[in-house]
Amino acid sequence: MNTAVLVTYEQDDIIDEAVALCESANYKVKHVMKQGFLQKQKYGLSSGKIEDLKEITSRVKPDVVVFDEVLKPSQNYNLASELKMEILDREALILQIFEKRCSSAESKLQVQLAQARYEMSRARERVRLAREGEQPGFMGLGTFEVDVYYNEIKRRMVNIKSKLAKSGKQRQLHRQARKRLGFKTISLAGYTSAGKTTLFNTLTGEQQEKNDELFTTLSTTVRRMTINKEVALISDTVGFISKLPAYMIEAFKSTLEELLYTDTVIVVIDASDHFDELRKKFKSCYTTLNEIGVEVDKMIFALNKSELLDEDEILDIVDLLELNSKKWIDISASTQKNVDKLKEIVGNVFRNDISHEKDEVGVKTYEN
Ligand SMILES: Nc1nc2c(ncn2[C@@H]2O[C@H](COP(=O)(O)OP(=O)(O)O)[C@@H](O)[C@H]2O)c(=O)[nH]1
Ligand SMILES: [Mg+2]
């Protein structure tokens, strides 16, 4: 794993998300610098803070600095020249996560398109700066070269779009290939920092050492576990991200396409979030899953971090999110609370025991 120094805001939930995003992109966060404001003209940070950051990076020696805001190319350039290292802004970080996790031909194209859009918006600023004569040699590019660069991205985008238009067929093939493995499959969905990876590790913990051929060929985000004494495959999907820019939504959705051919989706919810946040995240998650075509009967709603709440608070959340008619369970991925019950529910979905399951889950969770 590579290392990062993270520059982010002061609120806990924002910090948690930023750290989890870094981890999804394979960066271990070695230091977090918290700031009230990250949109200063020259560096994003104030000039005084640059000195602090320089001191930190020379001590920690990270591979990159992750800046949890969108940086203009000029700001990125200024920061990189001061710190003498690669700077990843929030959007570049998210694009790295998508790039790492796209599997089908179609989702690769969607991610390439988002990457091209990211570069395009930056190329535009370069063209503008070059034209205004402000920074003619900006980042080593002359006016002419900036135009060439801009046109090259444009051409690339047209090319990707035409490939995308033809890629519907491949999606189908990909889905069939997965099915042929012949195992039941579980996917984890939910917001970044809800606890998906922790749950993934909890659920697959016992199996980690067993390394037979077939399973080592699966990607690191797919592992085996046992449900009702049978092997099932579980995968940790790309998390939902707060403030995802509009141009990345299609790329994000395409990374979720495996949810369509999985047997059950565990929707991991951070039950310790404040009510407003909780409702907003749940709604966006649920709507998106519906939009991409995941059936509600396949979903199990796991209220995670529930060891931090009492029974009444949990029931309030169930009301708030209107989960009464759905399959839900309060769990804790870190203390293992109700993890066995969650596995039982998964087993029941596998058996297609849906109508019965709804009643049973309600009773079980109310009375324990
Ligand atoms: N209190 C509590 N914290 C948890 C629980 N599960 C995960 N976390 C913490 O939540 C943070 C995000 O977890 P992670 O699994 O990386 O979330 P992901 O982004 O959804 O994969 C980490 O600091 C975890 O230690 C839980 O059940 N209870
Ligand atoms: Mg994760």
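Position numbers for residues start from 1 in each chain and track the written sequence from start to end. All chains are assigned letters beginning at A, and all ligands numbers beginning at 1, according to the order in which they are written. Local features in this predicted model are restricted to residues of pLDDT 70 or higher, and side-chain atom pairs are both shown and tallied only at a pLDDT of 80 or more, whereas totals for entire chains, interfaces and linings draw on every residue. Side-chain metrics rest on all non-hydrogen atoms present in the structure, leaving aside hydrogens and water.

What is the right way to read the overall build of the protein chain from this model?
Only DSSP runs of H or I covering at least 4 residues are called helices, and only runs of E covering at least 2 are called strands; the numbering of each starts at the N terminus. Broken down by element type, the protein chain carries 14 helices and ten strands. Buried means the residue's accessible area, taken with a 1.4 Å probe over protein chains only, is under 20% of the maximum for its type, while exposed means over 50%, and partly exposed covers the values in between. Going through the 368 residues of the protein chain one by one, you find that 50% of them count as buried. In this analysis, two residues are considered to be in contact whenever any of their non-hydrogen atoms come within 4.5 Å of each other. Intrachain contacts of the protein chain at a sequence separation of at least 6 include 70% that bridge at least 24 residues. Surface accessibility in these figures is a Shrake-Rupley result with a 1.4 Å probe; residues are shielded only by whichever protein chains are displayed. Only carbon and sulfur atoms are counted for the fraction: they give 49% of the accessible area of the protein chain, which is about 17,800 Å².

Help me understand the environment of V60 in this model?
With respect to the element layout, V60 can be found in helix α2 (residues 47–60). The spacing of V60 and T3 is 57 residues in sequence and 9.1 Å in space, taken between C-alpha atoms. Not counting residues within four places of it along the chain, the set of residues in contact with V60 comprises V5, K30 and H31.

What am I meant to see in the site of ligand 1 here?
The cutoff for a nearby residue is simple: one of its non-hydrogen atoms must lie within 4 Å of the molecule or strand. Inspection of the region around ligand 1 gives 16 residues, with S193, K196, T198, E307 and S334 positioned closest. N or O atoms closer than or at 3.5 Å make up a polar contact, with two conditions inside protein: a donor-capable atom paired with an acceptor-capable one, and, for residues adjacent in sequence, both atoms drawn from side chains. Contact distances for ligand 1 include 3.0 Å between an oxygen atom and a backbone N or O atom of G195. When ligand 1 sits alone it has 580 Å² of accessible area, and the protein chains cover 74% of it. Most atoms of ligand 1, that is more than half of them, are within 2 Å of grid points of the largest pocket. As defined here, a cavity is a set of points on a 1 Å grid over the protein atoms alone where a 1.4 Å probe fits but cannot get out. A pocket is an open set with protein on both sides within 12 Å along at least five of seven lines, and residues line them when an atom is within 4 Å of a point. Those molecules having more than half of their atoms within 2 Å of a cavity or pocket grid point set are described as sitting in that cavity or pocket.

How should I be thinking about the packing of aromatic side chains in this particular structure?
How two aromatic rings sit relative to each other is set out by the distance from centre to centre and by the angle between their planes. The criterion for an aromatic pair is that two Phe, Tyr or Trp rings (for Trp, the six-membered ring) have centres within 6.5 Å, with stacked assigned to planes under 30 degrees apart, edge-to-face to planes over 60 apart and tilted to the rest. This structure, assessed with the given rule, holds six aromatic pairs. Geometrically, the ring pair formed by F98 and F252 is tilted, given 6.0 Å between the ring centres and 35 degrees between the ring planes. Taken together, the positions of F98 in helix α4 (residues 90–101) and F252 in helix α10 (residues 249–255) put the pair 154 residues apart, joining distant regions of the chain. On the basis of relative accessibility, which here comes to 4%, the residue F252 falls in the buried class. With 5.6 Å between their ring centres and 55 degrees between their planes, F282 and F301 make a pair best called tilted.

Explain the layout of surface pockets here, please?
Over the atoms rolls a probe the size of a water molecule, and its path tells where empty space is left. Taken as a whole, the largest pocket encloses approximately 700 Å³ of empty space. When contributions to the lining of the largest pocket are tallied by element, the ones reaching two or more residues are α1 (12–24), α4 and α8 (196–204). Of the residues in the lining of the largest pocket, the class split is seven nonpolar, 14 polar and nine charged. In this document the domain limits rely on a domain assignment from an automatic tool or a database. The two domains that each donate at least three residues to the lining of the largest pocket are domain 1 (2–97) and domain 3 (181–367). Grid points are joined across faces, edges and corners, and a volume is the space filled by probe spheres set on the points. Three categories are distinguished: nonpolar for Ala, Val, Leu, Ile, Met, Phe, Trp, Tyr, Cys and Pro, charged for Asp, Glu, Lys and Arg, and polar for the others, with Gly belonging to the last.

Just checking my understanding: could you explain the side chain of E69 for this structure?
Residue placement: E69 occurs in the loop between β3 (64–67) and α3 (73–83). Salt bridges are absent for the buried E69, whose nearest opposite-charge side chain, K243, sits at 4.5 Å. For E69, the side chain forms a polar contact with the side chain of Y9, separated by 2.8 Å. Once you skip the residues sitting within four places of it in the chain, E69 turns out to touch Y9, L38, Q39, D89 and R90. Two residue types count as positive, namely Lys and Arg, and two as negative, namely Asp and Glu; His and chain ends fall outside the count. Any Lys or Arg side-chain nitrogen found within 4 Å of a carboxyl oxygen on Asp or Glu counts as a salt bridge.

Can you walk me through the packing of α2 against α3 in this structure?
Helices that pack against each other are described as a pair by the angle of their axes relative to one another and the distance between those axes. Angles shown run from 0 to 180 degrees and are taken between the N-to-C directions of axes, each axis being a line fitted to C-alpha atoms and, for helices, limited to the stretch in contact. Their axes nearest at 10 Å, the elements α2 and α3 cross at an angle of 50 degrees. One finds that α2 runs oblique with respect to α3. Read as a crossing pair, α2 and α3 show a hand that is right-handed. On α3, the residues that touch I50, L53, K54 and T57 of α2 are L79, E82 and L83. Considering only residue class, the contact of α2 with α3 consists of four nonpolar, one polar and two charged. Here roughly perpendicular refers to angles of 65 to 115 degrees, roughly parallel to angles under 35, roughly antiparallel to angles over 145, and oblique to all remaining angles. Put simply, a crossing is left-handed when the front helix is turned counterclockwise from the back one by less than a right angle, and right-handed when it is turned clockwise.

Can you walk me through the sheet that holds strand β1 (residues 2–8) in this structure?
The pairing of strands in a sheet happens through backbone hydrogen bonds and is either parallel or antiparallel. Criterion used throughout: strands pair if DSSP finds at least two bridges between them. Here we have four strands laid out as an open sheet, ordered β2-β1-β3-β4, and parallel in their pairing. In this open sheet, the two edge strands, each paired with only one partner strand, are β2 (27–34) and β4 (86–89). Neighbour-to-neighbour, the strand axes of this sheet turn through a mean angle of 25 degrees, independent of strand direction. In this sheet, β4 lies alongside β3 in parallel orientation, the contact comprising four bridges. Counted as the bridge partner of V64 is E86 from β4. Sheet strands in contact with α1 are β1, β2 and β3, and its direction is about 155 degrees off that of β2.

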